[in-house]
Amino acid sequence: MYTYKVVDRKIILKIRNRLCETPEELLSSDLFRWVLSRFLKGLGQRNSILLNIFENKNNGQISDKDADLLTQTLQFLIKVPANLVPSVVPHSEMFFKDPSLFSEFIEQLYNFWRSFDRFIICDSQDDALDQRPYRTFNETIEQLMHLVRFTYRTIEENITGDHPRIYRQVRAGAEVASIAVSKAIAQTGNYQKLNDILMIRQILLYPPLVINPPMNKRTGKFEKISVNPLDILDVDKEEWLCYPAKVGPLLIYIYFHEKFFELGFSLSNLFELASSHDLEGRRPDAYFLFGARPEQLSKLEVFPTVFYDDEKNGVLVAASPSSDEFGYFGYLKKMTLTLHNIKMMKEKKMPFHGALVRIILKGNKDVTILLIGDTGAGKSETLEAFRQIGKDVIQDLIVVADDMGSLDINEHGDIIGYGTEIGAFLRIDDLQPGYAFGQMDRSIIMNPNKINARIVLPVTNFENVIKGHKVDFVLYANNYESIDEEHPIIEKFEDAQQAISIFKEGTVMSKGTTTTTGLVHSYFANVFGPPQYKTLHDEIAQRFFNAFFDRKLFVGQMRTRLGIHGFEMEGPKKAAEELLNMILHH
């Protein structure tokens, strides 16, 4: 019927056909008994007054016999009021000596259950659940939510003899559910280690989700190695799930370990989930194992976020360890985009680290802007300010790429831009006031109580990402220079070499999103692939920058001042105003 597993603060339920369907089944389940036992143990460790519902506390230790008696009492409280239970459950009268305390005990037990991150995995292998996802989700995650709430409320009402006057419809069951199928890997050799790992077909989640991963910053870089990680890693198929992601034109199988389920499922707000049609007859362009055993990756003697270029099979293979210090969504996102960028360079296209937006103004003026810059340079913040400032003249603002994408040159010599993601991974502190709250109903919020608190939310659809848009402006996001007569907000470059020197230097004032601080430099503001293939990227960049000026694109830099203290809001706002003025008069 189902199995459960507890990993840190996560409860993972795997089901084949059905979950508990009645309160009696729920209260008789192994999982309920585990939750109750852990709850009682926690109360005992702090000698909580809630244990006063029991007559025999024995220094905070509740016997199995008394725990069984409590469970039996709760099973009858589903059916009858409190005053009738002692007549059918001998010795249960001790629980009702203080109804208020017993009610508080039930309330705290309910809260204890909800303190876990809760996941349901519906194994569709034998029942084609992915062919009827709405019905499947209704019969699993929705049913469990209503069943838990009904059980809790009925017990509370029968203890107190009263009904609540305020009902809060919290997520009482699971927070995330998925339908998954077993997937065979077409490639031979050690790729067969990935055989039969469940592949996600559909996901249901209840936003806003608030999760607290163990880390809130990223450090180091992604190292190219000469050994295929699959040659040295052990993979237990029961501990992993696969998210088949459409990353721009690519298909990347992202495998995530159960330790990082909350991060893996957050991919649903960032990358398009591939359909059965997308997978049919197609091999992936890359594999990424997020959460591999650290003692195995440490054998590689480099920083353990690594990738391998399997030229023989035409795929890339990446891995990062399950250590807490790598439990950050930035590693999951950026390694995936590194794999995308490498594949693009191999196809002679130019990857970019930046935002690409198509702006349609009233009167049918249509421009596409590429804003290139490193993490924290102010790209997303400026564009969001632009959206607010230009609301009276903007007809549509279409996000093509929020963070990473690629450029191509079509048969007419036009520069065409593509994106990779349907979502954005943003710093909450740098957003316009109220923006995060306005988008809360679709969001996944990470570490809201820490520096670099983040939000992951969908911002566009995949059709916009992959369609291809003719680029008109290419700007470098400069977040570190002040504004004066010689340093305007937007500065136009005279030729390709001047432009390349600025873009190549990749200067940015670090905003604390990684472990770097102060003024830093990164090759083309993009450490995600280009530095590892520098010779190839140099050739591609020279060709594209020459094409920018041949096609008379506006190429320059925009000073957002996001990295200057006191200008975190004002800088992007003024940059957005200047950008709008430039577009109107272009």
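About the cut-offs
Residues numbered from 1 in each chain as written. Predicted model: local features only at pLDDT ≥ 70, side-chain atom pairs only at ≥ 80, totals over all residues. Heavy atoms only, no water. Phe/Tyr/Trp six-rings, centres within 6.5 Å; stacked < 30°, edge-to-face > 60°. Buried < 20%, exposed > 50% of the residue type's maximum accessible area, 1.4 Å probe, protein only. Salt bridge = Lys/Arg side-chain N within 4 Å of Asp/Glu carboxyl O. Helix = DSSP H or I, 4+ residues; strand = E, 2+ residues; numbered from the N terminus. Pairing = 2+ DSSP bridges. Polar contact = N/O pair within 3.5 Å; in protein donor to acceptor, adjacent residues only side chain to side chain. Contact = heavy atoms within 4.5 Å. Core = buried A, V, L, I, M, F, W, Y, C linked by side-chain atoms within 4.5 Å. Expected span 1.5 Å × (residues − 1).

## Considerations on the packing of aromatic side chains
Item 1. Per the counting criterion, the structure on display carries 31 aromatic pairs.
Item 2. Taken together, a centroid distance of 6.0 Å and an interplanar angle of 65° make the contact between Phe-288 and Phe-290 edge-to-face.
Item 3. Its relative accessible area of 0% is what places Phe-290 among the buried residues.
Item 4. An aromatic cluster of three or more residues is present, and its members are Trp-34, Phe-39, Phe-54, Phe-95, Phe-96, Phe-102, Phe-105, Phe-112 and Phe-116.

## Re the pattern of salt bridges
Item 1. Scanning the model with the defined rule gives 28 salt bridges in all.
Item 2. Between Glu-481 and Arg-559 there is a salt bridge whose closest N-O contact spans 2.8 Å. Linking Glu-481 in the loop between strand E23 (473–478) and strand E24 (490–492) with Arg-559 in strand E27 (residues 554–559), this pair joins segments that are 78 residues apart in sequence.
Item 3. The class of Glu-481 is partly exposed, set by a relative accessible area of 23%.

## Section: the pairing of strand E18 (residues 415–419)
Item 1. In terms of burial, E18 is a largely internal element, four of the five residues being buried.
Item 2. Across five bridges, the pairing between strand E17 (residues 404–409) and E18 is antiparallel. Within E18, the residue paired with Gly-405 across the bridge is Gly-419.
Item 3. In this structure, the hairpin formed by E17 and E18 is closed by a connection of five residues, where Gly-413 is found at a positive phi of approximately 85°.
Item 4. Relative to strand E22 (residues 469–470), E18 runs antiparallel, the two sharing two bridges. Across the sheet, the residue bridging to Gly-417 is His-469, located in E22.

## A few points about the environment of Ser-28
Item 1. By the element assignment, Ser-28 lies in helix H1 (residues 23–28).
Item 2. Placed 47 residues apart in sequence, Ser-28 and Gln-75 show a C-alpha to C-alpha distance of 8.4 Å.

## Quick look at the side chain of Arg-559
Item 1. Using a relative accessible area of 2% as the deciding quantity, one classes Arg-559 as buried.
Item 2. Within the structure, Arg-559 has its side chain in polar contact with the side chain of Glu-481 (distance 2.8 Å).
Item 3. Among the polar contacts listed, one links the side chain of Arg-559 to the side chain of Glu-491, at a separation of 2.9 Å.
Item 4. Among residues more than four places away in sequence, those in contact with Arg-559 are Asn-478, Glu-481, Ser-482, Ile-483, His-487, Pro-488, Ile-489, Glu-491 and Ala-575.

## Remarks on unusual backbone geometry
Item 1. Omega for the bond connecting Pro-207 with Pro-208 falls within 30 degrees of zero, at 0°, which places this linkage in the cis form.
Item 2. Tracing the sequence through the fold places Pro-208 in the loop between strand E5 (198–205) and strand E6 (209–211).
Item 3. Even without glycine at this site, Phe-524 takes up a positive phi of about 55°.
Item 4. Among the secondary structure elements, Phe-524 is positioned in the loop between strand E26 (519–521) and helix H15 (534–550).

## Some details on helix H11 (residues 379–389)
Item 1. Counting buried residues in H11 gives eight out of 11 residues, a clear majority hidden from the surface.
Item 2. Of all the residues in H11, the buried ones are Lys-379, Ser-380, Glu-381, Thr-382, Leu-383, Glu-384, Ala-385 and Phe-386.

## Thoughts on the nonpolar core
Item 1. By size, the foremost hydrophobic cluster in this structure holds 79 residues, and its most contacted members are Phe-503 and Phe-545.
Item 2. Looking at which element gives the most residues to this core, the answer is helix H10 (residues 329–346), with nine residues.
Item 3. Counting 59 residues, the second largest nonpolar core, distinct from the first, contains Leu-27, Leu-31, Ala-82 and Ala-177.

## Here's the deal with helix H2 (residues 30–45)
Item 1. Over its 16 residues, H2 extends 23 Å from the first C-alpha to the last, a length consistent with the 22 Å expected when each residue adds 1.5 Å.
Item 2. Residues of H2 that are buried: Leu-31, Phe-32, Trp-34, Val-35, Leu-36, Phe-39, Leu-40, Leu-43 and Gly-44.
Item 3. Buried-residue contacts for H2 involve strand E1 (2–7), strand E2 (10–15), H1, helix H3 (64–77) and helix H5 (99–114).
Item 4. One or two positions beyond H2, positive phi appears at Asn-47, with a value near 50°.

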